[in-house]
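Summary of the model geometry
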Amino acid sequence: MANMRRAGVAEGFINGVSYDITETRYSPTKWVRETLKGQNGIHGYSEMPQQARIVLSIRDAGGMTVGDFSEMVDEEVQLVLANGKTVGGSGMWCTEAIEVNTVEATMEVTFEGVSVTETTTS
């Protein structure tokens, strides 16, 4: 029987460096579409490019400097997910001001870029 695991265990890497992650999210979406409505009905839609995104909730560690994340541009960000899928983006930049939750020693780091790819297992 094939592995039925769909969620849970994951690994996160920035430029090949592994980080302790507590949660991840990603969006490979390429377009944002908005319906164009008029008084006489639906006219169609508009379409604009959408940046791709990978968000890592990282556990702070004594050997890392949180401020260094705000300097990160042109980065390789990769996730290895429990379902066997690999998600990654190249040339990504850190976009969010990072706040550390000192009770849990966690912070959310957001990377955006032109594209995020998903490699699936067959």
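- The chain carries the name Phage tail protein in an unreviewed UniProt entry, which gives Komagataeibacter xylinus as its organism.

Re the overall build of the chain
- In terms of helices and strands, the chain carries zero helices and eleven strands.
- Each helix (α) and strand (β) of the chain, taken in turn from the N terminus, gives the series β-β-β-β-β-β-β-β-β-β-β.
- For 122 residues, the compact-globule estimate of 2.2 N^0.38 gives 14 Å, and the C-alpha radius of gyration of the chain, at 18 Å, exceeds that figure by more than 25%.
- Counting only C-alpha atoms and orienting by the principal axes, one finds that the chain spans roughly 60 × 45 × 30 Å.
- Out of the 122 residues belonging to the chain, those deemed buried represent 28%.
- Each charge class in the chain can be summarised by its mean position, and for the 9 positive and 17 negative side chains these summaries are 13 Å apart.

Here's the deal with a nonpolar patch on the surface
- Together, Val 73, Trp 93 and Val 114 give the surface a local cluster of nonpolar side chains, amounting to about 310 Å² of exposed area.
- Mapped onto the elements, Val 73 comes out in the loop between β6 (52-59) and β7 (75-81).
- A relative accessible area of 52% means that Val 73 is categorised as exposed.

Quick word on the pairing of strand β4 (residues 31-38)
- Two elements, β4 and strand β5 (residues 41-49), share eight bridges in a ladder whose sense is antiparallel. For Arg 33, the partnering residue across the bridge sits in β5 and is Glu 47.

Description of the environment of Gln 78
- In this structure, Gln 78 sits in strand β7.
- When near neighbours in sequence (up to four residues on either side) are disregarded, Gln 78 contacts Glu 11, Gly 12, Phe 13, Thr 86, Val 87 and Gly 88.

Some points on the pattern of salt bridges
- If you walk through the whole model with that rule in mind, you get four salt bridges.
- Between Glu 112 and Arg 53 there is a salt bridge whose closest N-O contact spans 2.5 Å. Remark: Arg 53 occurs in strand β6 and Glu 112 occurs in strand β10 (residues 106-113); sequence separation between them is 59 residues.
- When its relative accessible area of 28% is taken as the criterion, Arg 53 is described as partly exposed.
- One salt bridge in this structure joins Lys 85 and Glu 118, with 3.2 Å as the shortest N-O distance. Taken together, the positions of Lys 85 in the loop between β7 and β8 (86-94) and Glu 118 in strand β11 (residues 117-119) put the pair 33 residues apart, joining distant regions of the chain.
- Under the relative-accessibility criterion, Lys 85 is labelled buried at 17%.

Reading the values: the criteria
- Residue numbers run consecutively from 1 along every chain, following the written order of its sequence.
- Reporting of local features is limited, given that this is a predicted model, to residues whose pLDDT is at least 70; pairs of side-chain atoms are given and counted only at 80 or more, and all residues count toward the totals for whole chains, interfaces and linings.
- The side-chain figures draw on all heavy atoms in the structure; neither hydrogens nor water molecules are used.
- Runs of H or I in DSSP of at least four residues are treated as helices and runs of E of at least two as strands, each being numbered from the N terminus.
- C-alpha atoms define the radius of gyration, and 2.2 Å times the number of residues to the power 0.38 defines the globule rule.
- To sort residues, take the accessible area from a 1.4 Å probe on protein chains only and compare it with the maximum for the residue type: under 20% means buried, over 50% means exposed, and anything in between is partly exposed.
- Charged-residue counts in this description rest on Lys and Arg as positive and Asp and Glu as negative, His and the chain ends being excluded.
- A charged residue contributes its charge at one atom only: NZ of Lys, CZ of Arg, CG of Asp or CD of Glu.
- The patch calculation keeps residues exceeding 30% relative accessible area without a salt bridge and links them within 9 Å when they carry like charges or within 5 Å when they are nonpolar (Val, Leu, Ile, Met, Phe, Trp, Tyr).
- Using a 1.4 Å probe, accessible areas were evaluated by the Shrake-Rupley method; residue-level cover was limited to the displayed protein chains.
- By convention in these notes, a salt bridge is any Lys or Arg side-chain nitrogen within 4 Å of a carboxyl oxygen on Asp or Glu.
- Whether two strands pair comes down to DSSP finding at least two bridges between them.
- Contact between two residues is taken to exist if any of their heavy atoms lie within 4.5 Å; hydrogens are not considered.

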